[in-house]
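Each chain, letter by letter, is given below.
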Amino acid sequence: GDEVSRLVGAGEAQPGDFRFMYKFTAWAPGQLEAEVSAGCWAVARASLDLLLKPRWYEGLHPAKQHKVFWHQVLLLLGDKYANVSRDTLQREQLEQAKAEEWIAVLQDGGNQSLREHEAVELGALAISSAFYDTDEDKVVAVHDKIRTLSGRAAARAGAAVER
């Protein structure tokens, strides 16, 4: 931190020249080398531009930004790594299609066999918010409503037990 502040203060660097990471990963002595030898990691040369260039993909939720970069790097590595990217994208698309189908079934207004239908719909909406960029206020409202309905269901269950 001090060296970065000194470089920026002296005009030798710009704040955008640095990328700060957080979280921590550690390996036991020799563990990383063993994982590389076993093929768990792909070691490749990369330019500083590739590694440090700020990235922002318009319209993509911030929590998903890293996925685009991961696929770009796999494509640059080519061969089997490009296949990993393609296979991963296909699997994610299939999982999303299954989730959308499930959500559509749960949101079907004609599904009278489900008790607490409103709660099921809200649950489906909460799940769908994990797949789409949903307005944060709407997500908070959905989760507030779920808590309210859960409280009502718990109260009804308690009243049924008392009878």
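Since the structure is predicted, the reported quantities are computational estimates derived from the model, not experimental observations.

**Student:** What am I meant to see in the overall build of the protein chain here?
**Tutor:** Along the backbone of the protein chain there are seven helices and zero strands. Traced from its N-terminal end to its C-terminal end, the protein chain shows the element sequence α-α-α-α-α-α-α. The buried share among the 163 residues of the protein chain stands at 13%. Sequence separation of 24 or more characterises 34% of the internal contacts of the protein chain that already satisfy a separation of 6 or more. On the protein chain, roughly 12,700 Å² of surface is accessible, and the fraction owed to carbon and sulfur atoms is 58%.

**Student:** Would you mind showing me how to read the packing of aromatic side chains here?
**Tutor:** Two numbers describe a pair of aromatic rings. These are the distance of the centres and the angle of the planes. Considering all chains together, one arrives at one aromatic pair under this definition. When the centroid spacing of 6.0 Å and the interplanar angle of 70° are considered together, the rings of Trp-27 and Trp-41 count as edge-to-face. Of this pair, Trp-27 sits in the loop between helix H1 (2-9) and helix H2 (31-37) while Trp-41 sits in the loop between H2 and helix H3 (48-52), placing them 14 residues apart in sequence. Note on Trp-41: relative accessible area 43%, which makes it partly exposed.

**Student:** Which parts of the structure should I look at to understand the environment of Gln-72?
**Tutor:** Take Gln-72: it is sitting in helix H4 (residues 65-77). When its relative accessible area of 33% is taken as the criterion, Gln-72 is described as partly exposed. With 10 residues separating them in the primary sequence, Gln-72 and Ala-82 have C-alpha atoms 8.9 Å apart.

**Student:** Whenever I open this one, the side chain of Ser-85 confuses me. Can you help?
**Tutor:** Among the secondary structure elements, Ser-85 is positioned in helix H5 (residues 79-106). Looking at Ser-85, the relative accessible area reads 2%, which means it is buried. When sequence neighbours within four positions are dropped, the list of residues in contact with Ser-85 reads His-71, Leu-74 and Leu-75.

**Student:** Can you help me understand a nonpolar patch on the surface in this one?
**Tutor:** Residues Trp-27, Leu-32, Val-36, Trp-41 and Val-43 make up a contiguous nonpolar surface patch of about 460 Å² in total accessible area. Judged by its relative accessible area of 34%, Trp-27 falls in the partly exposed class.

**Student:** What is the right way to read H4 from this model?
**Tutor:** For an α-helix, the turn length of 3.6 residues means that residues three or four places apart are oriented alike. With 13 residues, H4 should reach 18 Å at 1.5 Å per residue; the first-to-last C-alpha distance of 19 Å fits that figure. Among all positions of H4, only Gln-65, His-71 and Leu-74 are buried. The positive-phi residue at the C-terminal boundary of H4 is Gly-78, with phi of around 70°.

**Student:** I'm lost on unusual backbone geometry in this one. Help?
**Tutor:** Note on backbone geometry: most residues besides glycine have negative phi, and most peptide bonds are trans. Phi angles above zero are rare outside glycine, and Asp-79 is one such case at about 45°. Counting through the fold element by element, Asp-79 comes out in helix H5. For Asp-79, a relative accessible area of 68% corresponds to the exposed category.

**Student:** Would you mind going over the confidence of the model for the protein chain with me for this structure?
**Tutor:** Averaged over all residues, the pLDDT of the protein chain equals 75, while 64% of them reach at least 70. Of all helices and strands in the protein chain, the one with the weakest mean pLDDT is helix H6 (residues 117-129) (59), whereas H2 scores best (93).

**Student:** Is there a simple way to explain the pattern of salt bridges in this structure?
**Tutor:** Opposite charge on two side chains makes pairing possible when the charged atoms of those side chains draw close. Under the definition given, this model contains four salt bridges. Arg-6 is paired through a salt bridge with Glu-3; the nearest N and O atoms lie 2.8 Å apart. With a gap of three residues between them, Arg-6 and Glu-3 both fall in helix H1, about one helical turn apart. Classification of Glu-3 by relative accessible area gives partly exposed; the value is 45%. Counted as one network, the salt bridges with shared partners bring together Glu-3, Arg-6 and Glu-12.

Cut-offs and rules
Residues numbered from 1 in each chain as written. Predicted model: local features only at pLDDT ≥ 70, side-chain atom pairs only at ≥ 80, totals over all residues. Heavy atoms only, no water. Helix = DSSP H or I, 4+ residues; strand = E, 2+ residues; numbered from the N terminus. Buried < 20%, exposed > 50% of the residue type's maximum accessible area, 1.4 Å probe, protein only. Contact = heavy atoms within 4.5 Å. Areas by Shrake-Rupley, 256 points an atom, 1.4 Å probe, with all protein chains shown as cover. Phe/Tyr/Trp six-rings, centres within 6.5 Å; stacked < 30°, edge-to-face > 60°. Patch = residues over 30% accessible without salt bridge, like charges linked within 9 Å, V, L, I, M, F, W, Y side chains within 5 Å. Salt bridge = Lys/Arg side-chain N within 4 Å of Asp/Glu carboxyl O. Expected span 1.5 Å × (residues − 1). pLDDT = per-residue confidence, 0-100.

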